[in-house]
Amino acid sequence: MTDTGNRNSAGQEHPPGGGGATLQGRRGADVPAESRGKTTIADTVVAKIVGMAAREVPGVYNLGGGMARALGAVRERVPGGGAAVTRGVKVEVGERQAAVDLDVVVEYGASIVEVAGDVRANVISAVERMTGLEVVEVNLTINDVHLPEEESEAEEGRVS
């Protein structure tokens, strides 16, 4: 049996009348949606995901260094200032990868090694699931340990 159709070396049929050109860069309903444009994810979006994911981990008291937490507390009291979800979070976002730096305050009594591992796992999972970016590193700096008596001293110092 002999194939009498017009085919190129890749086995694709040529349109009648010769020419040999195949359609490339096709458009229409048969082209998958994910190949019709470019999605760019802003650093601030990734930073918010990181901040929320890190705060979900048991043993994390807060994010940010001492000065960042103080400024964040002032900002939260100003109308329209809002909560600083990204306080203590730095991200670098490329086209396909992201790197994260976190400043963390851990609760007294929690294992810092376990909390750090859990933060890494939760941050990587959330960012990769929500953005599709590969997280290449999550660097943590443990800036402080929150002591239970610090909270009671702060409450006593407040004027109602």
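A brief report on the enclosed structure follows. Computed from a prediction, not measured in an experiment: that's the story for all the values here.

**What to know about the side chain of Thr-131**
Next up, step 1: Structurally, the position occupied by Thr-131 is in helix H3 (residues 112–131).
Next up, step 2: There is a polar contact of 2.5 Å between the side chain of Thr-131 and the backbone oxygen of Val-127.
Next up, step 3: A polar contact of 3.1 Å, which involves the side chain of Thr-131, links it to the backbone nitrogen of Leu-133.

**Looking at the pairing of strand E3 (residues 97–107)**
Next up, step 1: Bridge count between strand E1 (residues 60–63) and E3: three bridges; the pairing is antiparallel. Across the sheet, residue Asn-62 finds its bridge partner in E3, namely Val-105.
Next up, step 2: One ladder, built from five bridges, connects strand E2 (residues 89–93) with E3; its direction is antiparallel. Counted as the bridge partner of Lys-90 is Asp-101 from E3.
Next up, step 3: In this antiparallel pair of consecutive strands, E2 and E3, the connection spans three residues.
Next up, step 4: The sheet contact formed by E3 and strand E4 (residues 134–146) spans eleven bridges and is parallel. Following the sheet pairing, Asp-101 is matched in E4 by Asn-139.

About the criteria used
Residues numbered from 1 in each chain as written. Predicted model: local features only at pLDDT ≥ 70, side-chain atom pairs only at ≥ 80, totals over all residues. Heavy atoms only, no water. Helix = DSSP H or I, 4+ residues; strand = E, 2+ residues; numbered from the N terminus. Polar contact = N/O pair within 3.5 Å; in protein donor to acceptor, adjacent residues only side chain to side chain. Pairing = 2+ DSSP bridges.

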